[in-house]
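Notes for the structure review
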Amino acid sequence: MLEEKLDDVITEVEQQIKLVKIKLKNDKKDLKQLIKMLKDNDYLDNERVQKDILRLTNEVSELDIRLYNLKKIHYRLRVCLTILNNESE
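Note that this is a predicted model, so its numbers are computed, not measured.

**Here's the deal with the overall build of the protein**
Along the protein, the regular secondary structure elements total two helices and zero strands. For a compact globule of 89 residues, the expected C-alpha radius of gyration is about 12 Å, and the protein comes in at 20 Å, more than 25% above that figure. For the C-alpha atoms alone, the extent of the protein along its principal axes is close to 70 × 15 × 15 Å. The buried share of the protein, taken over its 89 residues, is 22%. Put simply, of all contacts in the protein between residues at least 6 apart along the chain, 81% involve residues at least 24 apart. Carbon together with sulfur atoms contributes 53% to the accessible area of the protein, which is approximately 7200 Å² in total. In the protein, 18 positive and 18 negative side-chain charges are present, and the distance between their average locations comes to 5 Å.

**What about helix 1 (residues 2-40)?**
Taking 1.5 Å of rise per residue, 39 residues should cover 57 Å, and helix 1 covers 57 Å from first to last C-alpha, within 8% of that figure. Considered for burial, the residues of helix 1 that qualify are Leu6, Ile10, Val13, Ile17, Val20, Leu24, Asp27, Leu31 and Leu34.

**As for a negative patch on the surface**
A cluster of acidic residues, Glu4, Asp7, Asp8, Glu12 and Glu14, forms a negative patch on the protein surface. Looking at the secondary structure, you find Asp8 in helix 1.

**A closer look at the nonpolar core**
Leu6, Ile10, Val13, Ile17, Val20, Leu24, Val60, Leu63, Leu67, Leu70, Leu77 and Leu81 together form the largest nonpolar core, which totals 12 residues. The set of elements that each furnish at least two residues to this core consists of helix 1 and helix 2 (46-88). Counting residues in each nonpolar core, the second largest holds five residues, with Leu31, Leu34, Ile53 and Leu56 among its members.

Thresholds applied
Residues numbered from 1 in each chain as written. Predicted model: local features only at pLDDT ≥ 70, side-chain atom pairs only at ≥ 80, totals over all residues. Heavy atoms only, no water. Helix = DSSP H or I, 4+ residues; strand = E, 2+ residues; numbered from the N terminus. Rg over C-alpha atoms; globule rule 2.2 N^0.38 Å. Buried < 20%, exposed > 50% of the residue type's maximum accessible area, 1.4 Å probe, protein only. Contact = heavy atoms within 4.5 Å. Areas by Shrake-Rupley, 256 points an atom, 1.4 Å probe, with all protein chains shown as cover. Lys, Arg positive; Asp, Glu negative; His and termini not counted. Charge placed at Lys NZ, Arg CZ, Asp CG, Glu CD. Expected span 1.5 Å × (residues − 1). Patch = residues over 30% accessible without salt bridge, like charges linked within 9 Å, V, L, I, M, F, W, Y side chains within 5 Å. Salt bridge = Lys/Arg side-chain N within 4 Å of Asp/Glu carboxyl O. Core = buried A, V, L, I, M, F, W, Y, C linked by side-chain atoms within 4.5 Å.

Take it as geometry only, folks, not as evidence of what the structure does.
Pasting the structure below:
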């Protein structure tokens, strides 16, 4: 029973990791496009674009930290599941 619940939690963490990776990928792509726009065009509202770049940079940084923490949690949960499986045998 405990193993099943732990397995469910692991599945949820894996889903969170997938979602964070998707969001991170999209934010990095958007950031790259904004930087390119800033370099290529002089007629844009540079101040607004720079604010968007700063916002996306902060968001990417936060997502990187979240992804790292989720991966640590995932690893620890997998270790716990392995220990539980070994003890039940």
